[in-house]
Amino acid sequence: MAIHVLIVDDSKVSRLMTAGLLRQLQPDAVVLEADSGQHALEVAQGRALDMAILDMNMPGMSGVDLAERLRQTLPDLRMGLLTANVQAAVVNRAAEHGLKFFRKPVTEQVMRDVLDALGARAA
Amino acid sequence: MSQAAHAVSLDPLTLTDMQLDALGETFSLALGEAASVFAAMLSQEVELSVPHVELLTREALVTRFEAQADRRLCGIQQHFAADTGFRTDAMLVFPEESCLGLVRQMLRQEDISQFTELEQDALAEIGNIIINACMSRLADRLGTEIEGSLPHVLVNEPRKLFKPAGDPSIAAGILVARIDMRIARADVSGFVLFIMDVASIRTFVAQVSRLFGI
């Protein structure tokens, strides 16, 4: 059964690269995109999502705050932060909120790590 | 070992050779981290020069660029504020043509000749990744957390690119941490600037000096 993945990043290029690698490793994945936390909440509404890959620094709402909001309506959603902000303080904050942490730039190996950690095996 | 400039004075601030050397060592690690993510982004090796740290006025920086060549520059800028009290505008700077080469490499498209929205977005993301790698390493080294704004891309002549921001005190000094990052296939060479007011430079230098016991 195809996995449904939400990619949230204010950078279009970053979303393109992340989605491209995801489709390469999971050809039947259903990929949804959002360019902000608020947009992500709208996209996620009423959908059965399996995974969410969230940027940390976005206008309006951070990735961690977004994760908390998504968890209220999708308690089983598996989520990870994919960010360039790799400070120890941010890594620790992600762990405190039960989020996996992945560092940009996204490469094929990083995407394999994302899929492994969030429970989807790469093809 | 870093290479530091001598006799740096920006009235009313003077940095000793030891302080400059400590800054050079600190930025060497941070910029090395930045180059490493840069290489991962482009899937190729990035050659690094020896880091060079100096303190300049904004006018001196502009004059230096104008003397090198009458060319436009591309800057990707983010504002940062550390819990330990210093603020800086960090700017990753490339010659405009290098920037186009970089975007061609990143997007794997050879026919890019101008900055449209997608190319600007790609540059913002390149800057975001490289600058944040650098600032994250600095934050961890100094035992602080540094909050950053979103990246902002500017393409302009040096005088307009480095014009003072809204806060006039920020015009006071530019801590230039320069490391040339060269990629043969893309013919790209860039470096990083940290624009700080005198109070922030003092705070930052004091924290780096404590790390090195000087």
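Please read all numbers here as calculations on a predicted model, not as lab measurements. (Residues numbered from 1 in each chain as written. Chains lettered and ligands numbered in written order. Predicted model: local features only at pLDDT ≥ 70, side-chain atom pairs only at ≥ 80, totals over all residues. Heavy atoms only, no water.)

Student: Which residues make up the overall build of chain B, and what values go with them?
Tutor: Regarding its fold elements, chain B presents 6 helices and 11 strands. The proportion of buried residues among the 214 residues of chain B is 57%. Sequence-distant contacts, at least 24 apart, represent 73% of the contacts inside chain B between residues at least 6 apart. (Helix = DSSP H or I, 4+ residues; strand = E, 2+ residues; numbered from the N terminus. Buried < 20%, exposed > 50% of the residue type's maximum accessible area, 1.4 Å probe, protein only. Contact = heavy atoms within 4.5 Å.)

Student: I'd love a proper account of the interface of chain A and chain B, names of residues and values included.
Tutor: Facing the 22 residues of chain A at the interface are 21 residues of chain B. Summed over both partners, the interface of chain A with chain B comes to about 1,700 Å²; 57% of that surface belongs to carbon and sulfur atoms. On the chain A side of the contact with chain B, Val13(A), Gln87(A) and Pro105(A) bury the most area, a combined 33% of that side's loss. Here chain A is connected to chain B by 3 salt bridges. Where the side of chain A that touches chain B is concerned, the elements lending two or more residues are helix H1 (12–25) and helix H4 (88–96) of chain A. Here the side of chain A that touches chain B takes 5 residues from H1(A), the largest share from any one element. Tallied by class, the residues present in the side of chain A that touches chain B amount to 11 nonpolar, 6 polar and 5 charged. (Buried area = accessible area lost by both parts, 1.4 Å probe. Salt bridge = Lys/Arg side-chain N within 4 Å of Asp/Glu carboxyl O. Nonpolar A, V, L, I, M, F, W, Y, C, P; charged D, E, K, R; others polar.)

Student: Run through a nonpolar patch on the surface, naming residues and quoting values.
Tutor: Residues and elements named next belong to chain B. Side chains of Met18, Leu211, Phe212 and Ile214 sit close together on the surface and give an oily, nonpolar patch of about 350 Å² of accessible area. Here Leu211 shows up in helix H6 (residues 198–211). For Leu211, a relative accessible area of 34% corresponds to the partly exposed category. (Patch = residues over 30% accessible without salt bridge, like charges linked within 9 Å, V, L, I, M, F, W, Y side chains within 5 Å. Areas by Shrake-Rupley, 256 points an atom, 1.4 Å probe, with all protein chains shown as cover.)

Student: Describe the side chain of Gln77(B), naming the residues involved and giving the relevant values.
Tutor: Residues and elements named next belong to chain B. Following the sequence through the fold, Gln77 ends up in strand S6 (residues 73–82). With a relative accessible area of 18%, Gln77 lands in the buried category. Leaving out residues up to four positions away in the same chain, Gln77 has contacts with Asp89, Ala90, Met91, Leu150, Pro151, His152 and Leu154.

Student: So what's going on with the pairing of strand S10 (residues 173–183) of chain B? Which residues, and what values?
Tutor: Residue and element names in this part refer to chain B. Judged by how many residues are buried, S10 sits mostly within the fold: 9 of 11 residues are covered. Across 2 bridges, the pairing between strand S4 (residues 47–48) and S10 is antiparallel. For Glu47, the partnering residue across the bridge sits in S10 and is Arg182. Pairing between strand S5 (residues 52–56) and S10: 5 bridges, direction antiparallel. When the sheet's bridge partners are listed, Glu54 is paired in S10 with Val176. Bridging between S10 and strand S11 (residues 188–196) involves 8 bridges; their strand directions are antiparallel. From the neighbouring strand, Arg182 faces S11, where its bridge partner is Ser189. (Pairing = 2+ DSSP bridges.)

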